[in-house]
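Letter by letter, the chains look like this.
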Amino acid sequence: MKLDTEMEMLLNEIPLLHHDGLLGGDAEAGDLSFLIHELAAMGIVDGDDEPPAPVVAAGSIFPKKGDDLLAPPHAFSAANHHAHMPSLFDPFPFDGTDGWCSPAPAPVAATPRSRCKNARRKNAAATTTSPKKCGAAAAALTKSQGGESLAGLRGFMYHVARDQHGCRFLQQRLDDGKREVDLIFAGVSRHAAQLMVDPFGNYLMQKLLAVCDAGQRMALVLALTADAMVLVRISLNVHGTRAVQKLIESLRTDEEIRLVIEALHPGFLDLIKDPNGNHVVQKCLQSFDADDNKPIFDAAALHCLEIGMQCHGCCVLQRCIARSRGEHREKLVVAIACNGFELAQDAYGNYVVQYVMDLKIPKANSSLAQQFEGKYIHLSMQKFSSNVVEKCLKVFKEADKAKIILELLATPHLEQLLQHPYANYVIYSALQNSKGSLHSALTNAIRPHVELLRTSPYCKRIYSRALLKK
């Protein structure tokens, strides 16, 4: 009981001493650091210099899928007190009379409801203090102390980085010069993987990647790629994906790019189909050369059917085609064309097929025409594949267009296609993209059903064609 009372007194003194220094009080510059070290000695927090506590089984340095990625690397020994501990950088209420902070409340046993009431009373009393004065005082303190405030946090930088206000403070200090960058890098680099998936720490890591030098950047790359699945799981995280994208943007050397691509390679399929991970793959395609992205192109070609039929994968597959060149693009297009019939009938895959057709690559379009031949009626009566048939009538060669129209004319029940909610669009496209004797044959086949065209809701567009009204 005596230890718990002493511990709570120390926790209550942290915001008091911080803001006492903020206003120019008598507190010494080392008081904050001294209190943090006392908390560490009592087991409340652990230092950055101590070995991280394992969060997974031996042999893995990162939590497996399903584990809590945001769990701290060390277990706190007094979680019940930490839950009520004010943030080190939270605004502290002032009484507005003499410019000094109100004294710390005496440690008394209080219920959660009484604590909430006390907090509301303090917040009401704090309204007399001007926010502008508090901001000016904070700026003056930072300017006067220079790097001393960071030196006082040495050994506990990781815990500060995971706090909302502490993370913002460290980001501001990164703009002060190389010395501050080196101090913060030394404090957080060993915990880069944990901070990149932290709701607040990921912002610090993004800023750090933008200002660190080549040696520090390489050290981070080596740490994050030592185990391939670490970078993959960070990329799958909603916070980690932004940090990894910033890492990719900051890479400069071939060695760094090679390490990152090799680390992501085992999880390419999961990344491409993930709402967070697909942005990491697209950032690689956008930032790296075609030769560097060869493993991505190979994986996309190998799994094009599975990727193309997924909502995120179809976008990545189209981006792969756009960013590839030469043999890489040819391999991708051939793989997609070979699976064209299955992709054309899919809600997402049909967009991939249409994208390939718009490239007007003779070999690919010829392959698709051979797969679709004899099946145009079936494809025209489906919601997604009917769009593909319309695209065929626009981009195929005249000979292939003629085969489509002849297949439509050969059906014994053309009136069913005219009234069909999807096939009627194919008939309309055939009228638009045909000419000569073929167009005449099509209009002559439709005219006997003119009364049907007037009354059916799906046939009005066809009836509106000037040639059919004559």
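Calculation rules
- Residues numbered from 1 in each chain as written.
- Predicted model: local features only at pLDDT ≥ 70, side-chain atom pairs only at ≥ 80, totals over all residues.
- Heavy atoms only, no water.
- Helix = DSSP H or I, 4+ residues; strand = E, 2+ residues; numbered from the N terminus.
- Buried < 20%, exposed > 50% of the residue type's maximum accessible area, 1.4 Å probe, protein only.
- Contact = heavy atoms within 4.5 Å.
- Expected span 1.5 Å × (residues − 1).
- Arc of directions from axis to C-beta.
- Salt bridge = Lys/Arg side-chain N within 4 Å of Asp/Glu carboxyl O.
- UniProt positions renumbered as here; feature names shortened; annotations may be inferred.
- Patch = residues over 30% accessible without salt bridge, like charges linked within 9 Å, V, L, I, M, F, W, Y side chains within 5 Å.
- Areas by Shrake-Rupley, 256 points an atom, 1.4 Å probe, with all protein chains shown as cover.
- Lys, Arg positive; Asp, Glu negative; His and termini not counted.
- Charge placed at Lys NZ, Arg CZ, Asp CG, Glu CD.

K.L.:
Summarise the overall build of the protein; cite the residues concerned and give the values.
P.N.:
For the protein, the helix and strand inventory stands at 33 helices and zero strands. Looking at the protein residue by residue over its 470 residues, the buried ones come to 45%.

K.L.:
Outline helix 14 (residues 240-250), listing residues and values.
P.N.:
Across the eleven residues of helix 14, eight count as buried, placing the element largely inside the fold. Looking at helix 14, one finds that the buried residues are Gly 240, Thr 241, Ala 243, Val 244, Gln 245, Leu 247, Ile 248 and Ser 250. Those residues of helix 14 hidden inside the fold are in contact with helix 10 (192-196), helix 11 (201-211), helix 12 (214-225), helix 13 (228-235), helix 15 (254-264) and helix 17 (277-287).

K.L.:
I'd love a proper account of helix 27 (residues 398-409), names of residues and values included.
P.N.:
For an α-helix, the turn length of 3.6 residues means that residues three or four places apart are oriented alike. Its twelve residues place the ends of helix 27 16 Å apart at the C-alpha level, agreeing with the 16 Å of an ideal helix rising 1.5 Å per residue. Looking only at helix 27, the buried set comprises Asp 400, Lys 401, Ile 404, Ile 405, Glu 407 and Leu 408. One side of helix 27 carries all its buried residues, which in axial view fall inside an arc of 160 degrees. The elements touched by buried residues of helix 27 are helix 24 (362-372), helix 25 (376-380), helix 26 (385-395), helix 28 (414-419), helix 29 (423-432) and helix 30 (436-446).

K.L.:
Tell me about the pattern of salt bridges, and name the residues and values.
P.N.:
Taken as a whole and assessed by the stated rule, the structure comprises 16 salt bridges. Lys 273 is paired through a salt bridge with Glu 306; the nearest N and O atoms lie 2.7 Å apart. Taken as a pair, Lys 273 in helix 16 (residues 268-273) and Glu 306 in helix 19 (residues 304-308) lie far apart in primary sequence, 33 residues in all. Glu 306 sits in the partly exposed class, given a relative accessible area of 40%.

K.L.:
Kindly report on the UniProt feature "repeat: Pumilio" (unreviewed entry) in the protein, identifying the contributing residues and their values.
P.N.:
Residues given the UniProt feature "repeat: Pumilio" (unreviewed entry) here are residues 187-223, 263-298, 335-370 and 371-407. Span residues 187-223 is 76% helix and 0% strand, its end C-alpha atoms 14 Å apart. The annotated region residues 263-298 carries 67% helix and 0% strand content, and the separation between its end C-alpha atoms amounts to 16 Å.

K.L.:
How would you summarise a negative patch on the surface if you had to cite specific residues and measurements?
P.N.:
Together, Asp 254, Asp 289, Asp 291, Glu 327 and Glu 330 make up a negatively charged patch on the protein surface. The class for Asp 289 is exposed, based on a relative accessible area of 55%.

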